[in-house]
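Report on the structure
Read off the chains here:
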There are 2 protein chains.
Amino acid sequence: MTIGVLGGGQLGRMIALAGYKLGQRFVFLDPGAESTAGQVGNLRVGAYDNEERLSELARKSDVVTYEFENVPVGSARFLNELVPVFPPPRALEVSQDRVTEKEFFEQLGIPTPGFAAVSSREELEQAVARLGLPAVLKTRRFGYDGKGQWVLRTEADVAAAWEALGAASLIMEAFVPFQRELSILSVRSRTGETRFWPLVENEHRDGILRLSLPKSDAWTPELQASAEAFAGRVLAELDYVGVLAIELFYTGDKLIVNEMAPRVHNSGHWTIEGAETSQFENHVRAILGQPLGSTRMVGYSGMINVIGKMPPRDAVLAVEGAHLHAYGKDAAPGRKIGHVTVRADTRRELCDKLEALLPIVDPT
Amino acid sequence: MTIGVLGGGQLGRMIALAGYKLGQRFVFLDPGAESTAGQVGNLRVGAYDNEERLSELARKSDVVTYEFENVPVGSARFLNELVPVFPPPRALEVSQDRVTEKEFFEQLGIPTPGFAAVSSREELEQAVARLGLPAVLKTRRFGYDGKGQWVLRTEADVAAAWEALGAASLIMEAFVPFQRELSILSVRSRTGETRFWPLVENEHRDGILRLSLPKSDAWTPELQASAEAFAGRVLAELDYVGVLAIELFYTGDKLIVNEMAPRVHNSGHWTIEGAETSQFENHVRAILGQPLGSTRMVGYSGMINVIGKMPPRDAVLAVEGAHLHAYGKDAAPGRKIGHVTVRADTRRELCDKLEALLPIVDPT
């Protein structure tokens, strides 16, 4: 089978590396001629809304997926008339607009931070009055890695944020005094079979994911069950197919859903070595309607992102159990260009290895 | 870096999938336009002794390796004038001729079956008189998967084998009444760093590998040490770089070396999921001079080859812990087109899973 992928970044690259193992073929569509997936597969260069390129992708593919949640919904629907597209275009539509997404969660009884749509200075004042400060003001669309977000602590912040963001459609969200940031990765096959990986604890800095720890010391069976219940509702409601990531805040006594990504996710990269089946392989199995693989952990793992520039390779590889992933991308400040997963037999050993690796991989 | 690979079969394909993870690029040279590595990388089509193609490969590559031990030694030496070639061409030369190979082992004090070079009917009779029957008559060169081999039990077999093989340069080997067939996979980096994976027990049928079990119940620390000592001598003598496979017979009280393959090896495919670092990744690290990864086992694994035709995918994938590898090759009798590795937490659980998988994957 040939799988078409909208987007040619590292997520598409890693989907292909998992799919090649299963004997599948890949074709990518991305506007960037230098997209990293082109190093490992057939890359077609074109805009996501170029109907000629989309039709060509459909002709070459038995099924189409995407690795980028800002693909135009219209393009996904256009393709879906020609070839099955998974995850379903509606998942894109819901996740692309933070207001639509939060309304969707509310309808499913999934707790989210309080929020208000903001499209005028007056609505902003009303939102501040209703939700209070601190709060977060975000663009409704096209946010990623913390871009397009302002934390509002004072009335002065409100004025400054409005100056900066005012032209766009915005959402104001109540600030959640969370203790930990978690994510739940789930996958649903065309057959309806559903699996969940263990909850992951994530550390961000400057809005970018730095560290992911599956089943960290915050993990309890109750939290896992709660997160799975939320994800399960989303999967069922959307008749979802593929990997779905949901980011959550843990406040110390409950989980609150922040947002979802209808795709494989950075906080699931540890699954390549750390789980019996990786998010990438299960995504491929799911969109082909094949049985899903076990999501159990294999030992203890942690993942550190490589941001900006590659660490000294020899120093990383010399740590026993360290697995370096380099995406073949040029170095650039704030850019995700690789990650390192380290695996160990015990949590203690994992901590020692992470302590050895952190100053090498993420020295800032 | 760009790694050139002589040979575009499944071994090259799996080297590339491991190397892509590390951010490396690949270019393959193979006479077959349909070579499976072409599905995942840049395939140049040409004969292994086409100097124009070899020069092109050298120009495009920072380092060259091979996945096929019958590459002409002259081609490897030609390339080695232009770009580093690993494993060293002398390893090819030694392993391509069974007589040279056995003399090489003898010089290193490594036990091998008794043998005699045979190039005439008269030499064949002398060999029979010296080594006795049963014995095995083989072509000195270009044997693989049991091809070009005759087992001699009677004088009638001797005559028939001479009829069939007579024109070629031959070797007669004393028959070793072995209990088990084992292999040791080793790897040596450009820096001299050396690692060994656990001994693997192998089952062949019709000369083709069917099943590999690392650290089977035949394993003892003494056998491991003995096999590592043999491999270590070969690695050092050849100033070897890359993965080396050595096949051994275990007679119940000692190990006898059968042959070596200067490349990644079918009996090491289990390392993709079953070892902390796969043979493919360590081969790439070795030829780039990077630190080698841990070769420890991760749980218990077994590998079953997929010969001839693909088993029902859903049935394979439905076994928890089963990892299907499909090489993207057409089905054909006796052809290796994939493998399945299954991983478990205990040996008992592994046996249960292998018993479930064997009738599906290898029904004959």
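It should be emphasised that the depicted structure is a prediction, and the values quoted were computed from it without experimental measurement.

1. What about the domain arrangement of chain A?
Residue and element names in this part refer to chain A. Once the domains are mapped, chain A shows domain 1 (2-85), domain 2 (114-174) and domain 3 (180-361). With 21 residues of domain 1 at the interface, the matching set in domain 3 holds 21 residues. Between domain 1 and domain 3 lies a buried interface of about 1700 Å² when both sides are counted; carbon and sulfur atoms form 67% of it. For the pair domain 1 and domain 3, the interface holds 2 salt bridges. The closest approach of N and O atoms between R263 and E69, which form a salt bridge, is 2.7 Å. Applying the counting rule to domain 1 against domain 3 returns 7 residue pairs in polar contact (both at pLDDT 80 or more). Listing elements by their share of the side of domain 1 that touches domain 3, those giving two or more residues are α1 (10-21) and β4 (63-66). Considering each element in turn, the side of domain 1 that touches domain 3 owes the most residues, 8 residues, to α1. When its residues are assigned to classes, the side of domain 1 that touches domain 3 shows 11 nonpolar, 6 polar and 4 charged.

2. Looking at the relation of the copies chain B and chain A
A rotation about some axis, followed by a shift along it, carries one copy of the chain onto the other. Rotating chain B by 180° about the axis while translating it 0.0 Å along that axis superimposes it on chain A, leaving an RMSD of 0.0 Å. The relationship between the two copies is best expressed as a two-fold rotation axis. When the interface residues of chain B are mapped onto chain A, 100% of them again fall at the interface, so both copies present the same face.

3. Some points on helix α2 (residues 51-60) of chain B
All names here are of chain B. Residues of α2 that are buried include every one of L54, E56, L57 and A58, and no others. In this structure, the buried residues of α2 make contact with β1 (2-6), β2 (25-30), β3 (42-45), β4 (63-66) and α3 (73-80). At the N-terminal end of α2, a side-chain oxygen is found 3.0 Å from the backbone nitrogen of E52, two or three residues along, and the residue is N50.

4. Side note on the packing of helix α6 (residues 121-131) of chain B against helix α7 (residues 155-165) of chain B
Between two packed helices, what matters for the description is the angle formed by their axes and the separation of those axes. Residue and element names in this part refer to chain B. In the contact formed by α6 and α7, the axes pass within 11 Å of each other and the chain directions differ by 150°. Overall, the two elements α6 and α7 adopt an arrangement that is roughly antiparallel. Taken as a pair, α6 and α7 cross one another with a handedness that is right-handed. Contact residues: α6 offers R121, L124, E125 and V128, while α7 offers E155, V158, A159 and W162. Taken together, the residues of the contact of α6 with α7 sort by class into 5 nonpolar, no polar and 3 charged.

5. Thoughts on the side chain of K336(A)
Of note, K336(A) is situated in strand β17 (residues 336-344). A distance of 2.9 Å separates the side chain of K336(A) from the side chain of N266(A), its partner in a polar contact.

6. Here we look at the sheet that holds strand β3 (residues 42-45) of chain A
Two pairing modes exist for strands in a sheet, parallel and antiparallel, and in both the strands are linked by backbone hydrogen bonds. Residue and element names in this part refer to chain A. Spatially, 4 strands are ordered β3-β2-β1-β4 in an open sheet, and the strand pairing comes out parallel. For this open sheet the edge positions go to β3 and β4, each flanked by a neighbour on one side alone. Within this sheet the neighbouring strands show an average axis-to-axis angle of 25°, counted without direction. As paired elements, strand β1 (residues 2-6) and β4 share 4 bridges and run parallel to each other. Bridge pairing links I3 to V63 in β4.

7. Re the interface of chain B and chain A
Contacts between the two partners involve 35 residues from chain B and, on the opposite side, 35 residues from chain A. Carbon and sulfur atoms supply 43% of the area buried between chain B and chain A, which totals about 3200 Å² over both sides. Across the contact surface, chain B and chain A share 8 salt bridges. With its nearest N and O atoms 3.1 Å apart, the salt bridge here joins R343(A) to E276(B). One can count 16 residue pairs in polar contact (both at pLDDT 80 or more) joining chain B with chain A. Mapped by element, the contributors of at least two residues to the side of chain B that touches chain A are α1 (10-21), α11 (313-317) and β16 (322-326) of chain B.

Procedures and definitions
- Residues numbered from 1 in each chain as written.
- Chains lettered and ligands numbered in written order.
- Predicted model: local features only at pLDDT ≥ 70, side-chain atom pairs only at ≥ 80, totals over all residues.
- Heavy atoms only, no water.
- Domains from an automatic or database assignment.
- Contact = heavy atoms within 4.5 Å.
- Buried area = accessible area lost by both parts, 1.4 Å probe.
- Salt bridge = Lys/Arg side-chain N within 4 Å of Asp/Glu carboxyl O.
- Polar contact = N/O pair within 3.5 Å; in protein donor to acceptor, adjacent residues only side chain to side chain.
- Helix = DSSP H or I, 4+ residues; strand = E, 2+ residues; numbered from the N terminus.
- Nonpolar A, V, L, I, M, F, W, Y, C, P; charged D, E, K, R; others polar.
- Least-squares fit on C-alpha atoms with pLDDT ≥ 70 in both.
- Buried < 20%, exposed > 50% of the residue type's maximum accessible area, 1.4 Å probe, protein only.
- Axes fitted to C-alpha atoms, helices over the stretch in contact; angles between N-to-C directions.
- Parallel < 35°, antiparallel > 145°, perpendicular 65-115°, else oblique.
- Left-handed = near helix turned anticlockwise from the far one by under 90°.
- Pairing = 2+ DSSP bridges.

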